[in-house]
Amino acid sequence: MDIVVANDLKLKKGKSVNRLVTKQWGFSDPEFKRKKRVAGYEVYSIEGKLKGSFTKSFRWIKDKYNHVVCG
């Protein structure tokens, strides 16, 4: 069940309106910390994919070279 507040914020029943209004943004904000942590996970994921792609490409080049040179 949703409650509509005057400034068109939709809140679940039981949520505090005052907490939303008085909440200030900052580096100690739990949501900011979560987003920063998730962004770090994504960077590690991208690094892993890039490393894997580079390794596979290098292996392919090495195999082609060995096939051409060694027969």
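As the structure is a prediction and not an experimental result, all values here were calculated from the model.

1. Focus on the overall build of the protein
Secondary structure summary: the protein contains two helices and two strands in total. Beginning at the N terminus, the succession of helices and strands in the protein can be written as β-β-α-α. Looking at the protein as a whole, 4% of its 71 residues are labelled buried. Just so you have it, the protein exposes about 7100 Å², and 61% of that area is on carbon and sulfur atoms.

2. Some points on helix 2 (residues 30–70)
Taking 1.5 Å of rise per residue, 41 residues should cover 60 Å, and helix 2 covers 59 Å from first to last C-alpha, within 8% of that figure. Following helix 2 by one or two positions, Gly71 adopts a phi angle in the positive range, close to 90 degrees.

3. Observations regarding a nonpolar patch on the surface
A cluster of nonpolar side chains, namely Tyr65, Val68 and Val69, defines an oily patch on the protein surface of about 360 Å² accessible area. When you line up the elements, Val69 lands in helix 2.

Conventions adopted
- Residues numbered from 1 in each chain as written.
- Predicted model: local features only at pLDDT ≥ 70, side-chain atom pairs only at ≥ 80, totals over all residues.
- Heavy atoms only, no water.
- Helix = DSSP H or I, 4+ residues; strand = E, 2+ residues; numbered from the N terminus.
- Buried < 20%, exposed > 50% of the residue type's maximum accessible area, 1.4 Å probe, protein only.
- Areas by Shrake-Rupley, 256 points an atom, 1.4 Å probe, with all protein chains shown as cover.
- Expected span 1.5 Å × (residues − 1).
- Patch = residues over 30% accessible without salt bridge, like charges linked within 9 Å, V, L, I, M, F, W, Y side chains within 5 Å.
- Salt bridge = Lys/Arg side-chain N within 4 Å of Asp/Glu carboxyl O.

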